[in-house]
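As a plain string of letters, each chain reads:
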Amino acid sequence: MDFKQNEITQQVAQVAKDFAHKHIKPHVMEWDETQHFPKDVLQEMGKLGLMGMFVPEEYGGSGFNYYEYVAAIVETAKVCGSVGLSLAAHNSLCTGHILYCANEDQKKKYLPKLASGEWIGAWGLTEPNTGSDAGNMQTTAVKDGDDWVLNGTKCWITHGISAEVAVVIARTGEPRVSGNSTAFIVERGTPGFKAGKKENKLGMRASETSEMIFDNCRIPDANRIGKVGDGFRQALKILDGGRISIAALSLGIAKGAFEAALKYSQERHQFDQPIANFQGISFKLADMATEIAAAELLIMKAADLKNRGEKVTEAGAMAKYYASEVAVRVSNDAVQIFGGYGYTKDFPVEKYYRDSKLCTIGEGTSEIQKIVIAREQLK
């Protein structure tokens, strides 16, 4: 691994940082309070090449690698975890699924619109009663002539209301049977496809999360991605990369919380000196900085493997598991360093604290990551 950032990675990081400070930071708390999803901001990010980061230039994308991707998410999440989450979900889930698993016609049709930000993407796997138990999903797709008819509900879907297109995994076989699901591309406006309940969340409130409902939703077989029965295998492949996304999101939140706490500890005086001089505070800062550095190394290892086309299942799970837990610990300590001020919305750390928890849940809980890591070790 080369630990020195190349010029392109530095430039992408700077572009994301400048955009976040100019167009996102002034509105962070307003969007959080009102649960406003700033779709127009994501579309503007598309103009900078941040919405199709892996997509090759031939499909209208930026053709970046995972180093650039991680850098963009980190810089965005340092300012707002919600926008960082939406950026990650769009790139790695919906767009990523079409990029890595779809046929050439599907890529040419959908990737340019997704990469430009003209269209926002959603990805539907989770259901109300089948979170990690995806083999028992209740959303079904039944073949009817040259079409498929989808019925069921997906939940916890990022951009479930506003996305113009969604990749949906539906059961096409019997429950709990290997190869029982298939992935489909469903466009907004298709009869029988509608948005359901929008979730009122603890954190990540400006990243839209809702149900997607399918009621005799008829789509052509041309919208099927890959082979019948290959949906869950495709989903696992997408989640391997997606976990690097959530790890990067966690890292950005942790860095944002740490930088705020570090600055405050040097400005806040008690007993005629900065509170950073006290061991109780300085040792917290030392632990925070060390854990952030360790998380970053795990993320860069996973990104390096992904860039080289090697298996990333274990490395991605380790990075996601550790970085997400670090984000929670660091943001918790940041609130503690701020004291009473940290518990108010006048200072930024309470939002980092609320946003961080989602990182230990989304795209596989910490417990699921432990299962993945243990299985890889026991092979």
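The rules behind each value
- Residues numbered from 1 in each chain as written.
- Predicted model: local features only at pLDDT ≥ 70, side-chain atom pairs only at ≥ 80, totals over all residues.
- Heavy atoms only, no water.
- UniProt positions renumbered as here; feature names shortened; annotations may be inferred.
- Helix = DSSP H or I, 4+ residues; strand = E, 2+ residues; numbered from the N terminus.
- Rg over C-alpha atoms; globule rule 2.2 N^0.38 Å.
- Contact = heavy atoms within 4.5 Å.
- Areas by Shrake-Rupley, 256 points an atom, 1.4 Å probe, with all protein chains shown as cover.
- Lys, Arg positive; Asp, Glu negative; His and termini not counted.
- Charge placed at Lys NZ, Arg CZ, Asp CG, Glu CD.
- Buried < 20%, exposed > 50% of the residue type's maximum accessible area, 1.4 Å probe, protein only.
- Polar contact = N/O pair within 3.5 Å; in protein donor to acceptor, adjacent residues only side chain to side chain.
- Expected span 1.5 Å × (residues − 1).
- Arc of directions from axis to C-beta.
- Phe/Tyr/Trp six-rings, centres within 6.5 Å; stacked < 30°, edge-to-face > 60°.
- Disulfide = S-S within 2.5 Å.
- Pairing = 2+ DSSP bridges.
- Domains from an automatic or database assignment.
- Buried area = accessible area lost by both parts, 1.4 Å probe.

In the annotation of an unreviewed UniProt entry, the protein chain is listed under the name Cyclohexane-1-carbonyl-CoA dehydrogenase and assigned to Lacibacter sediminis. Under the Sequence similarities (unreviewed entry) heading, UniProt states for the protein chain: "Belongs to the acyl-CoA dehydrogenase family." Turning to the protein chain, the UniProt annotation filed under Cofactor (unreviewed entry) states: "FAD".

Colleague: Describe the overall build of the protein chain, and please don't skip the residues or the numbers.
Modeller: Each helix and strand counted, the protein chain has eleven helices and ten strands in total. The C-alpha atoms of the protein chain give a radius of gyration of 21 Å, which matches the 21 Å a tight globule of 379 residues would have. Its C-alpha atoms give the protein chain principal-axis dimensions of about 80 × 45 × 40 Å. When contacts within the protein chain are restricted to residue pairs at least 6 apart in sequence, long-range pairs at least 24 apart make up 74% of them. Taken as a whole, the protein chain presents about 16,400 Å² of accessible surface, with 52% of it coming from carbon and sulfur. Measuring between centres, the 44 positive side-chain charges of the protein chain sit 2 Å from its 47 negative side-chain charges.

Colleague: An account of unusual backbone geometry is needed here, citing residue identities and associated values.
Modeller: In this structure, Phe271 takes a positive phi of about 55 degrees despite not being glycine. Mapped onto the elements of the fold, Phe271 is located in the loop between strand E9 (269-270) and strand E10 (273-274). In this model, Glu363 sits at a positive phi of 55 degrees, which is unusual for a non-glycine residue. Take Glu363: it is sitting in the loop between helix H10 (349-359) and helix H11 (366-378).

Colleague: I'd like a rundown of the environment of Lys370, residues and numbers included.
Modeller: Summarising the element assignment, Lys370 is placed in helix H11. By relative accessible area, Lys370 is classed as partly exposed at 45%.

Colleague: How would you summarise the side chain of Ser324 if you had to cite specific residues and measurements?
Modeller: Along the chain, the position of Ser324 falls in helix H9 (residues 313-338). Residue classification places Ser324 among the buried residues on the basis of a relative accessible area of 0%. One polar contact links the side chain of Ser324 to the main-chain carbonyl oxygen of Tyr321, over a distance of 3.0 Å. With sequence-adjacent residues up to four places away left out, Ser324 is seen in contact with Ser250, Ala319, Cys359, Thr360 and Ser366.

Colleague: Describe in detail H11, supporting the description with residues and values.
Modeller: When the terminal C-alpha atoms of H11 are compared, their 18 Å separation across 13 residues agrees well with the 18 Å that a helix rising 1.5 Å per residue should span. All of the buried residues along H11 are Ser366, Gln369, Val372, Ile373 and Glu376. Looking down the long axis of H11, one finds its buried residues gathered within 115 degrees of arc, a one-sided arrangement. Residues of H11 that are exposed and point over 90 degrees away from its buried face: Glu367, Arg375 and Leu378.

Colleague: I'd like a rundown of the packing of aromatic side chains, residues and numbers included.
Modeller: Summed over the entire model, instances satisfying the criterion amount to eleven aromatic pairs. Between the aromatic rings of Tyr110 and Trp119, the centroid separation amounts to 6.3 Å while the plane-to-plane angle is 45 degrees, which identifies the pairing as tilted. Accessibility classification places Tyr110 together with Trp119 in one group, the buried group. Here Phe271 and Phe278 contribute two aromatic rings whose centre-to-centre distance is 6.3 Å and whose plane-to-plane angle is 90 degrees, an arrangement assigned as edge-to-face. With a relative accessible area of 71%, Phe271 lands in the exposed category. One aromatic cluster is present, formed by Tyr264, Phe338, Tyr341 and Phe347 through successive ring pairs.

Colleague: For the UniProt feature "domain: Acyl-CoA dehydrogenase/oxidase C-terminal" (unreviewed entry) in the protein chain, give the residues involved together with the corresponding values.
Modeller: Here the UniProt-annotated "domain: Acyl-CoA dehydrogenase/oxidase C-terminal" (unreviewed entry) positions come out as residues 229-376. Here residues 229-376 is 77% helix and 3% strand, with 24 Å between the C-alpha atoms at its ends.

Colleague: Which residues make up the state of the cysteines, and what values go with them?
Modeller: Using the criterion set out here, one finds zero disulfides in the structure. We note that Cys359 lacks a disulfide partner, and the nearest cysteine sulfur, in Cys80, lies 12 Å from it. Residue Cys359 is classed as buried on the basis of its relative accessible area of 0%.

Colleague: So what's going on with the environment of Asp40? Which residues, and what values?
Modeller: Along the chain, the position of Asp40 falls in helix H3 (residues 39-47). On the basis of relative accessible area, Asp40 is assigned to the partly exposed category, the value being 48%. Separated by 78 residues in the primary sequence, Asp40 and Glu118 place their C-alpha atoms 9.6 Å from one another.

Colleague: Describe the pairing of strand E2 (residues 140-144), listing the residues and the values that go with them.
Modeller: Where E2 and strand E3 (residues 147-158) come together, five bridges link them in antiparallel fashion. Bridge pairing in E3 places Asp144 opposite Asp147.

Colleague: Please give an account of the domain arrangement of the protein chain that cites residues and values.
Modeller: According to the domain assignment, the protein chain consists of domain 1 (7-119), domain 2 (122-228) and domain 3 (233-378). With centres defined by C-alpha atoms, the gap from domain 1 to domain 2 works out at 22 Å. The interface of domain 1 with domain 2 comprises 27 residues on the first partner and 26 residues on the second. Both faces considered, domain 1 and domain 2 share a buried interface measuring about 2,300 Å² in area, 60% of it formed by carbon and sulfur atoms.

Colleague: Can you lay out helix H8 (residues 279-307) for me, pointing to particular residues and giving the numbers?
Modeller: Each turn of an α-helix holds 3.6 residues, which means side chains three or four residues apart point in the same direction. An ideal rise of 1.5 Å per residue puts 42 Å on 29 residues; H8 measures up with 41 Å between its terminal C-alpha atoms. Where H8 is concerned, the buried positions are Ile281, Leu285, Met288, Ile292, Ala295, Ile299, Ala302, Ala303, Asp304, Leu305 and Lys306. Considering only its buried residues, H8 is in contact with helix H4 (66-79), helix H5 (81-101), helix H7 (231-267) and H9.

Colleague: Describe the side chain of Asn180, and please don't skip the residues or the numbers.
Modeller: In this structure, Asn180 sits in the loop between strand E4 (165-171) and strand E5 (181-187). There is a polar contact of 3.0 Å between the side chain of Asn180 and the backbone oxygen of Glu174. In this structure Asn180 touches Gly135, Ala170, Arg171, Thr172, Gly173, Glu174, Pro175 and Gly229, once residues within four positions along its chain are discounted.

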